[in-house]
Amino acid sequence: MEAWFILLITISISVLTKILFNLLFSTKISSHKLPPGPPKFPVIGSLLWLTTSLYDLHLAISSLHSKFGPILTLHIGSLPAVFVADRRLAHQALVQNGAVFADRPPARGIEKINTSNQRTISSASYGSTWRFLRRNLASEILHPLRVKSYSHSRKWVLQLLKDRLESEFRGSGRICVMNHLQHAMFCLLAVMCLGDKVGEDDIEKIEVAHRRFLSNFVGFNIFSFCPSVTMVVFRNIWKKYLQIRQDQENTLIPLIRARKELKEEGLSKIKEGEFVLCYVDSLIDLQLPVEKRKLEEGEIVSLCSEFLSGGAETTTTALQWIMANLVKYPQIQEKLFRKIKEVVGEGEELIKEEDLQKMPYLKAVILEGLRRHPPAHMVVPHVVTEDTVIDKYLVPKNGTINFMVAEMGRDPKVWEDPMEFKPERFMSCDGEMVDVTGVKEIKMMPFGSGRRICPGYSLAMFHLEYFVANLVWSYEWKKLKGDEVDLSEQLEFSVGMQYPLQACISPRSIQMSTTSSVPDGFIFNKLHLS
Ligand code: HEM
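All values reported here derive from a predicted model rather than from experimental measurement. (Residues numbered from 1 in each chain as written. Predicted model: local features only at pLDDT ≥ 70, side-chain atom pairs only at ≥ 80, totals over all residues.)

1. So, the overall build of the protein
- Secondary structure assignment for the protein yields 19 helices and 13 strands.
- Taking all 530 residues of the protein together, the buried fraction comes to 36%.
- In the protein, of all internal contacts separated by at least 6 residues, the share reaching a separation of at least 24 is 73%. (Helix = DSSP H or I, 4+ residues; strand = E, 2+ residues; numbered from the N terminus. Buried ≥ 20, exposed ≤ 12 C-beta atoms within 10 Å, placed from the backbone. Contact = placed C-beta atoms within 7 Å.)

2. Digging into the nonpolar core
- Counting residues in hydrophobic clusters, the biggest one holds 113 residues, and the most contacted among them are Cys-193 and Val-468.
- Sort the elements by how many residues they give to this core and helix α14 (residues 297-328) lands first, with 15 residues.
- Counting 5 residues, the second largest nonpolar core, distinct from the first, contains Ile-110, Ile-222, Phe-223 and Tyr-241. (Core = buried A, V, L, I, M, F, W, Y, C linked by C-beta atoms within 7 Å.)

3. As for the sheet that holds strand β13 (residues 502-507)
- As summarised here, the arrangement of the 3 strands in space is β3-β13-β10, forming an open sheet in which the pairing is antiparallel. The strands lining the two open edges of the sheet, one partner per strand, are β3 (175-176) and β10 (475-478).
- Sheet analysis places β10 next to β13, joined by 4 bridges and oriented antiparallel. Bridge pairing in β13 places Trp-477 opposite Ile-505. (Pairing = 2+ DSSP bridges.)

4. Focus: the site of the ligand
- Taken together, 24 residues are adjacent to the ligand, and Gly-310, Gly-311, Gly-448, Cys-454 and Gly-456 come closest.
- Every element with two or more residues in the shell around the ligand is listed here: α14 and α19 (457-474).
- Residue composition of the shell around the ligand, grouped by class: 14 nonpolar, 7 polar and 3 charged. (Near = placed C-beta within 6 Å. Nonpolar A, V, L, I, M, F, W, Y, C, P; charged D, E, K, R; others polar.)

5. Overview of the UniProt feature "binding site: heme" (unreviewed entry) in the protein
- UniProt annotation of "binding site: heme" (unreviewed entry) refers to Cys-454 when read in the numbering used here.
- By the secondary structure assignment, Cys-454 is in the loop between α18 (429-432) and α19.
- Here Cys-454 is in contact with Phe-447 and Gly-448, once residues within four sequence places are set aside. (UniProt positions renumbered as here; feature names shortened; annotations may be inferred.)

6. Some thoughts on the sheet that holds strand β1 (residues 71-75)
- Taken in spatial order, the 4 strands make up an open sheet running β1-β2-β9-β6, and their pairing is mixed. The strands lining the two open edges of the sheet, one partner per strand, are β1 and β6 (382-383).
- Alignment of β6 against strand β9 (residues 400-403), held across 2 bridges, turns out to be antiparallel. Following the sheet pairing, Val-383 is matched in β9 by Thr-400.
- Its contacts with the sheet put helix α4 (residues 87-96) on β1, β2 (80-84) and β9, and the angle it makes with β2 is roughly 120°. (Axes fitted to C-alpha atoms, helices over the stretch in contact; angles between N-to-C directions.)

7. As for the packing of helix α15 (residues 330-341) against α19
- Contact pair α15 / α19: the axes reach a minimum separation of 10 Å and the direction vectors enclose 95°. The orientation of α15 relative to α19 falls into the category roughly perpendicular. Contacts between α15 and α19 involve Gln-333, Leu-336, Phe-337 and Ile-340 from the first element and Ala-469, Val-472 and Trp-473 from the second.
- Of the residues belonging to the contact of α15 with α19, the class tally is 6 nonpolar, 1 polar and no charged. (Parallel < 35°, antiparallel > 145°, perpendicular 65-115°, else oblique.)

8. Concerning the environment of Glu-313
- Tracing the backbone shows Glu-313 in helix α14.
- Using a count of 23 C-beta atoms within 10 Å as the deciding quantity, one classes Glu-313 as buried.
- Along the primary structure Glu-313 and Pro-412 are separated by 99 residues, whereas in three dimensions their C-alpha atoms are 29 Å apart.
- Excluding its chain neighbours within four sequence positions, the residues that come into contact with Glu-313 are Leu-214, Phe-493 and Ser-494.

9. What to know about helix α6 (residues 128-141)
- For α6, with 14 residues, the first-to-last C-alpha span of 19 Å sits near the 20 Å given by 1.5 Å per residue.
- As for α6, its buried residues are in contact with α7 (144-149), α9 (177-194) and α13 (279-284). (Expected span 1.5 Å × (residues − 1).)

10. Digging into the packing of helix α8 (residues 151-172) against α9
- Taken N-terminus to C-terminus, the directions of α8 and α9 make an angle of 160°; their axes are 9 Å apart at the nearest point. Our classification of the angle between α8 and α9 gives roughly antiparallel. Our pair here, α8 against α9, has a crossing hand that is right-handed. Contact with α8, carried on its side by Ser-153, Arg-154, Val-157, Leu-160, Leu-161, Arg-164 and Leu-165, involves His-180, Ala-184, Cys-187, Leu-188 and Val-191 of α9 and no other residues of that element.
- In terms of residue class, the contact of α8 with α9 is built from 8 nonpolar, 2 polar and 2 charged. (Left-handed = near helix turned anticlockwise from the far one by under 90°.)

11. Brief notes about unusual backbone geometry
- Backbone geometry at Asn-117 places phi at a positive 60°, although glycine is not the residue there.
- Checked against the element boundaries, Asn-117 lands in the loop between α5 (110-114) and α6.
- The partly exposed category is assigned to Asn-117, around which 16 C-beta atoms lie within 10 Å.
- Positive phi, normally seen in glycine, also occurs at Gln-118, with a value near 65°.
- As for its placement among the helices and strands, Gln-118 is situated in the loop between α5 and α6.
- The class for Gln-118 is partly exposed, based on 19 C-beta atoms found within 10 Å.

As C-alpha cells, then:
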C-alpha cells in the first residue's frame, strides 16, 4: 500500500476519533448539573453573602455541607461558586486536574489596587506572569541556602521577642502573647523583604500601616460586589481604604528606593560576605516576561505587602494557636521540653537551627497545630478554566471553587477525636505518612495543594519549629491563675483566637537576670536542668 494512503487513513481515523470523543465528552459534561445548594436570589443573595462576615460565611458553608453534602454551590455574584469539603474531591481537582483548577478570579474593587491589577503571586491569573513571579520568590528568597543566610536575623528577632516578653511580665505579671509574636514575626519578614539595614523605627511604621489595612480587611470585602456602586454608597470606607494604601506606599517606597541606591552605588562599600539579598533586591531588576518591562514601584509595594501578610500574619496566627495549646495542656509542653532536651546540650541558651530536624515530636506538635487550627479555613478562591466534572457535578468554566481546609483537617472519618490536640497522632507509622503538600493524597491541607500551594510552606514550618522550640526551651509557660485558655475562633485576615492568649512565664535556666522585680506569687525556678 502507498505510504501517502496509509498516512491519509491514519489522519482521518485520528480526526474522527477526536470528533467522536469531543461529542461524547461534551454531551457528558452538559448533561451534568451544578452541585446542589440553597436557592438562587441573584442580587439580594449576593449582597447577603457579601455583607456576612467571612467567619460567619465559613460557618454557614460548613452547616450547608451537612445538608447538601461535600460539594455545594452558592450564587455569589454573577457566576456560581462551588465549595468542596471532601479531601478526595480536593485531590481530584487540585492535584489530578491541577492545570484546570489553577486560575484566579478577576480582581475587582480594592483588589485591583491592592494587587496592582493582579500582579501579585496570589492574585495573578494562571500564566506566565504568575509563573515568573512565583519562581522568583521560590528561587531567590525561599531557597534553603538563602533562608540559611537570614539566620542572624532570626537570632536578633528571637532576642527581641524574649526581651519584650520578659519586660511585660516583669511589669504586669502577665503577658499578652500575641502582640509580641506579631511584632517579632513582622520584624523577621520585614528584614527578609527590605534587607537587614532597615531600622526598627521604619519597621514599626510599616507595621502600623500594615495592621490598619488588616484590621479593616473584612469590612473592605463589600467592594467586591458591584464596585462602581459600592464605592459611591460606602464612599467613607472607600476613602479610608485609599488613605491606608497611600500610607503603605509612603512608608515602603523610600525603603525600596534606598535599596535600589544601595544596589546601584553602595554595594562596593559593603564588605564581602556581608551583603544578604532581600526580596526587594530580587524584584528591582525583574523584567516582566509578557510586557517586557521592569516592575513599577506600586507593583513592588503590592508584592511586598503580599509577602508581609502571607509570611508574617499566617505564621503568627499558627504560632499563637500552638503556644495556647501548650499552655492549656502542660503535659504536652513538658513532653516537648524533654524531647528537646534529648537533642540540645545542657546549658545551651539557643537551639541550633540544624538541630530542629532531629526533633520529630516538635514537628508533630506543629502539624497538630496546623491541622486543628489552620490559619486559613479556606484557600484563596480558584477559577476553573473549562467546564469540568467532579463527583458527577459540573463545575462550569470561569466559576469559582474553594476548598474547606478546616473541615478536612477535622474530618472524623480521617482523624480520631479530631477536636482534641494530640501531637502523638503524627508519631505513629500512619502519622508519619501525612504529607502536608497532599501530592499522593490529601489528609489535611493547611497550605492548600496542587499548583497554587503556598510557596512559603517550608519556610513557615521552619519558623514555627524555630520559635516554638526556643520559647519552650527558654521558659515554662503557664496559664494565669484562675484563668482557662479559651480556644474560640475569630476571623480577621486569618482565623485567630477570639480571646488572645495571656500567660505567665518562668525561665528554665538563668536567663532573666533580675529576680527582685518578679511579680508576687510567682516562683522563678530553674526547671529541669539538674
Ligand atoms: C503558617 C503559615 C502559612 C499558611 C497557613 C499559609 C497558607 C496558605 C494558603 C492556604 C494559600 C492558598 C493556597 C491556594 O490558593 O490554593 C497560600 C498561598 C500563598 N502563600 Fe502562604 N501560608 C503560610 C505562610 C506563607 C509564607 C511564609 C509565605 C511567603 C513568605 C507565603 C506566601 C504565599 C503566597 C505568595 C501564596 C500565593 C500562591 C499562589 O497563588 O500561587 N505563605 N498560603
